[in-house]
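Residues per chain are reported as follows:
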Amino acid sequence: MPEPTQTRQRISRKAASFTESVIREITREAMKYGAVNLGQGFPDWETPADIKQAAIDAILADHNQYAVTWGVKEFRDAIARKTMTYLGLDVDPDSEITVTCGSTEGMIAAMMATVDAGDEVVVFEPFYENYAPDAILADASARYVPLYRTENGFVFDKEELAAAFNPRTRAIILCHPNNPTGKVFTPDELEFIADLCRNNNAYCFTDEIYEHIIFGVDGAEPVPHVSIATLPGMRERTVIVNSLSKTYSVTGWRVGYCIAPEDLTSAIRKVHDFLTVGAANPLQRAGAYAMSLPPEYYTSLEKEYRRKRDFLVPVLKDAGFRCDYPQGAYYVMADISEFGFANDIAFTAHLVREIGVAAVPGSSFYNDESKGSQLVRFCFCKKDETLEAAATRLAKMRWPYSFWNAMRESS
Ligand SMILES: Cc1ncc(COP(=O)(O)O)c(C=O)c1O
């Protein structure tokens, strides 16, 4: 019997089953309290002038109407050339690339195109917060596998990962380099994951948005990024999700892409078409320009980020956080247990209001929120003066918590 309309829920079960983005909420909080925002991962410096000029030129040249739904040809060609140069993968721009509105749309379009109700998707935890709602929106259930913090960075237990795969497993989501942990998966780990995918006939959705932000371990030169798609038997079962956002400091442009075998690409293109029709035409043309920048662009990007990482980590340690140098991406996951707060939410509220620095509560990266209750994430994709301002404020963390309690009570 149909439900009587008066008792019907006003929002869908799906929408009711996840919360608003905590990361975007933190940015609103930072603005409200005038805090230095080390929460949401976007650069606060100017986008390179030549990249902006390419976008302006494209608008003036009147590339202002819908582009081909799966992406401007010139941009897809540039993506294919860059993928060959940096990943060694030969990709057909006409049948294996879909340009999307950011990698955010790329990931959800890839999932909706390949996953059915009842399928399971394996996700390493902590995870970039979009993946859980992505799974819900795609009707899948997520199965979480922990990444453990050790002296050698974050690692997973091979037996636990293998046990997460079963006949219902449709895919694994990999974020490599990893947000929020800064982990770069080792060749041995990638091979192990690939083996599970091949043996279980599962896909790998690999989010490689931080591919050019890799630092190397213990002062060693960074090893070039390796995509799992390049391992034997993985090309046909991998969707690479990537975007212009982080590599070219244009997070507001919302231009990303999926690289996948032809049959998956046809499905992704259909989903993408009805989700968004297409990404901004002139910005795709500027993307084609950006992707033709010389190797020095990427070397200096990595050097700049390494310098910023090497500034922030000691600042955090001095302030009383326990944390390590991330191997990639531009985040530091820091342990707050020294400060004696009940949980990460109370801590980040204190941090933004009393100290004047915004960070993301660790629980937002976990399905079981208690696992992140003594963690927070800082980003270092900020101007030197922003990081210096944060450092000055964070030094106040060394004052005892009793001082802050007394301050709060007396105000
Ligand atoms: C791992 C990861 N994937 C995807 C995104 C979103 O990227 P885009 O701007 O391409 O949608 C982010 C943004 O912070 C991210 O950290």
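Check the entry above for the structure.
What counts as what
Residues numbered from 1 in each chain as written. Predicted model: local features only at pLDDT ≥ 70, side-chain atom pairs only at ≥ 80, totals over all residues. Near = placed C-beta within 6 Å. Nonpolar A, V, L, I, M, F, W, Y, C, P; charged D, E, K, R; others polar. Helix = DSSP H or I, 4+ residues; strand = E, 2+ residues; numbered from the N terminus. Buried ≥ 20, exposed ≤ 12 C-beta atoms within 10 Å, placed from the backbone. Pairing = 2+ DSSP bridges. Axes fitted to C-alpha atoms, helices over the stretch in contact; angles between N-to-C directions. Contact = placed C-beta atoms within 7 Å. Expected span 1.5 Å × (residues − 1). Arc of directions from axis to C-beta. Core = buried A, V, L, I, M, F, W, Y, C linked by C-beta atoms within 7 Å. Domains from an automatic or database assignment.

(A) Broad picture of the site of the ligand. In the vicinity of the ligand, 13 residues are found, and the nearest of them are Gly102, Ser103, Thr104, Ser243 and Ser245. Among the residues forming the shell around the ligand, the class breakdown is three nonpolar, nine polar and one charged.

(B) Geometry of unusual backbone geometry. Cis geometry marks the peptide bond from His176 to Pro177, where omega comes out at -5°. With respect to the helices and strands, Pro177 occurs in the loop between strand 6 (169-175) and helix 8 (187-199). With an omega of 15°, the peptide bond between Asn179 and Pro180 qualifies as cis. By the secondary structure assignment, Pro180 is in the loop between strand 6 and helix 8. A positive phi is found at Asp62, a non-glycine position, where the angle reads about 65°. By the secondary structure assignment, Asp62 is in the loop between helix 3 (49-60) and helix 4 (73-87). By C-beta crowding, Asp62 is classed as exposed, having 9 other C-beta atoms within 10 Å. You will see that Asn201, though not glycine, has its phi angle at about 50°, which is positive. Examined against the element boundaries, Asn201 turns out to sit in the loop between helix 8 and strand 7 (203-207).

(C) Fine view of the sheet that holds strand 5 (residues 153-156). Pairing within the open sheet is mixed, and its eight strands lie in the order 2-9-8-7-6-3-4-5. Two strands in the sheet have a free side with no partner beyond their single neighbour: strand 2 (97-100) and strand 5. Neighbour-to-neighbour, the strand axes of the sheet open up by a mean angle of 25°, direction not taken into account. Sheet topology note: the strand 7/strand 8 (residues 238-243) ladder contains four bridges and is parallel. The residue bridging Phe205 from the neighbouring strand is Val239, located in strand 8. Along the sheet face, helix 9 (residues 262-276) touches strand 2, strand 8 and strand 9 (256-259) and points at about 20° away from the line of strand 2.

(D) Representation of helix 2 (residues 22-33). Between its terminal C-alpha atoms helix 2 stretches 16 Å, which fits the 16 Å expected from 12 residues at 1.5 Å a residue. Turning to helix 2, its buried residues number three or more, namely Ile23, Ile26 and Ala30. When helix 2 is viewed along its axis, its buried side chains cluster within an angular range of 45° and face the same direction. Along helix 2, exposed side chains directed more than 90 degrees from the buried face belong to Arg24, Arg28, Met31 and Lys32. Residues of helix 2 that are buried make contact with strand 1 (36-37), helix 12 (344-355), strand 11 (357-358) and strand 12 (360-361). Two residues or fewer past helix 2, Gly34 is found with a positive phi of approximately 60°.

(E) The nonpolar core, seen in detail. Membership of the largest hydrophobic core comes to 119 residues, with the highest contact counts inside it found for Ala110, Val357 and Phe378. At seven residues, helix 5 (residues 102-114) tops the list of elements feeding residues into this core. Here this core gathers at least three residues from each of two domains, domain 1 (5-47 + 296-400) and domain 2 (49-294). Not counting residues within four places of it along the chain, the set of residues in contact with Phe378 comprises Leu38, Leu312, Leu316, Tyr331, Val332, Ala334 and Ala359.

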